[in-house]
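Descriptive analysis of the structure
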Amino acid sequence: MNKNLLILMMLSLAMFACRTEGKKMSLSGEWLSAEKGQMLYLAGNKWIDSVEVRNGKFEFNLDGKEPDEYVLSRINKGEREILLVYLDNCRTYLKLGEAEQVGNVAWIKCEIEGNPVGAVTWDAVFSAMKDLWGETTARKFREVSMRGDLASAFILWKYASVCVEFMTYDELTGYMNKLSEEVKQSPVGKRMYADLGEVLPMAKGAIAPDFTLNTFDGKPVSLSEYVKGKKVVLIDFWASWCAPCRAKNPEVLALYDKFHEKGFDVLGVSLDNDKDAWMKAIQEDKLPWTHVSELKGWDGNMRVLYNFNGIPNLVLVDGSRRILATSFELHRGLKGVVESLFK
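This text gives an overview of the structure that appears in the document. (Residues numbered from 1 in each chain as written. Predicted model: local features only at pLDDT ≥ 70, side-chain atom pairs only at ≥ 80, totals over all residues. Heavy atoms only, no water.)

1. Here we look at the overall build of the protein chain
Assigned secondary structure in the protein chain consists of 13 helices and 15 strands. Taken over the C-alpha trace, the protein chain has a radius of gyration of 26 Å; the compact-globule value for 343 residues is 20 Å, which it surpasses by more than 25%. Projecting the C-alpha coordinates of the protein chain onto the three principal axes gives extents of approximately 85 × 60 × 35 Å. Burial statistics for the protein chain: of 343 residues in total, 48% are counted as buried. Taking contacts inside the protein chain between residues at least 6 apart in sequence as the whole, the part at least 24 apart equals 62%. When the accessible surface of the protein chain is split by element, carbon and sulfur atoms take 52% of a total near 17,700 Å². Separation of charge centres in the protein chain, based on 44 positive and 47 negative side chains, amounts to 3 Å. (Helix = DSSP H or I, 4+ residues; strand = E, 2+ residues; numbered from the N terminus. Rg over C-alpha atoms; globule rule 2.2 N^0.38 Å. Buried < 20%, exposed > 50% of the residue type's maximum accessible area, 1.4 Å probe, protein only. Contact = heavy atoms within 4.5 Å. Areas by Shrake-Rupley, 256 points an atom, 1.4 Å probe, with all protein chains shown as cover. Lys, Arg positive; Asp, Glu negative; His and termini not counted. Charge placed at Lys NZ, Arg CZ, Asp CG, Glu CD.)

Written out as structure tokens, the structure is:
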């Protein structure tokens, strides 16, 4: 065999071996302060493994496992401490430190080597827990989502319902389309598409689902017809029995009085099942806008159509049903959002 050809073949095999080795998923690390006999536990979907920390070192057997979110836990000084581990097809080395209490959970402080996906994902997740979904959360989630790798899929899957509250429809679909086919077809990628698919229809910039419901005197009202010719319409999902909803009504009424002649309107969608109680609440709170209901309480279709699990749920749309603001943003500052649209 030609010597140069042989060298070329050997180099090709070496490069292939490196690529293959780079795809092997492993998890090891150190917990230098661990006492003799202390254990670490790793849990995944219907699977759990444990290892003993020996001389401050540990390594898990990941044969047959795929990149995903795993939970590493330990009992330290009588307390359960945990860490979310985001594994990719690469070596992951953890340097475990002491724990930090956030809320009711003791989270293990950790340095992550060899796995940039895991490092940036955990940094964003842990920051969100401490930030309580504030500006830091929004910034970090955007930074990770625009990467286009498995870290993006982790965030967009795990926090789909959070991301949709401060990212637009076009922004989210752009991040999803940026992912490689390998990531899209991964277990995490498939879950991401399923979960985001449920909430994307309610993202800012999407067209709000149309519906037709009856007023208390039986007149059908469709959202698409109701919004025509109006600049801003607040869809207010509420109920007579909902104390926070009733407490919100004066604020909505004040906005209605101030901006109605400039193109602002409200459509009240009640989750009542008692017609008399619904009508009484409208009269007591002096709500002059149109009100509709299925009169099926929590078993109606609107909760599923608009993907919410609590009320009051507020959605702001324009005259073409395009969503201008989501409930998360409106609960934080309904007055400011509406006023900004009429400046």
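2. Some words on the state of the cysteines
With the rule as written, the count across this model stands at one disulfide. Across the disulfide, Cys242 is cross-linked to Cys245 (sulfur-sulfur distance 2.3 Å). With the S-S bond torsion at 75°, the cross-link from Cys242 to Cys245 turns out right-handed. Relative accessible area serves as the criterion here: at 1%, Cys245 is assigned to the buried category. No disulfide involves Cys110; its sulfur sits 13 Å from that of Cys90, the nearest cysteine. (Disulfide = S-S within 2.5 Å.)

3. Brief notes about the sheet that holds strand E7 (residues 91-102)
Each strand in a sheet pairs with its neighbour through backbone hydrogen bonds, running either in the same direction (parallel) or in the opposite one (antiparallel). With mixed pairing, eight strands are arranged side by side in an open sheet as E3-E2-E5-E6-E8-E7-E1-E4. Both outer strands of the open sheet, strand E3 (47-52) and strand E4 (57-60), are each paired with one neighbouring strand and no more. Neighbour to neighbour, the strand axes of the sheet diverge by 30° on average, direction disregarded. With five bridges joining them, strand E1 (residues 26-30) and E7 adopt parallel strand pairing. (Pairing = 2+ DSSP bridges. Axes fitted to C-alpha atoms, helices over the stretch in contact; angles between N-to-C directions.)

4. Digging into the environment of Asn307
Counting through the fold element by element, Asn307 comes out in the loop between helix H12 (302-305) and strand E14 (313-317). Classification of Asn307 by relative accessible area gives partly exposed; the value is 37%. The sequence separation of Asn307 and Ser161 amounts to 146 residues, and the corresponding C-alpha distance is 9.6 Å.

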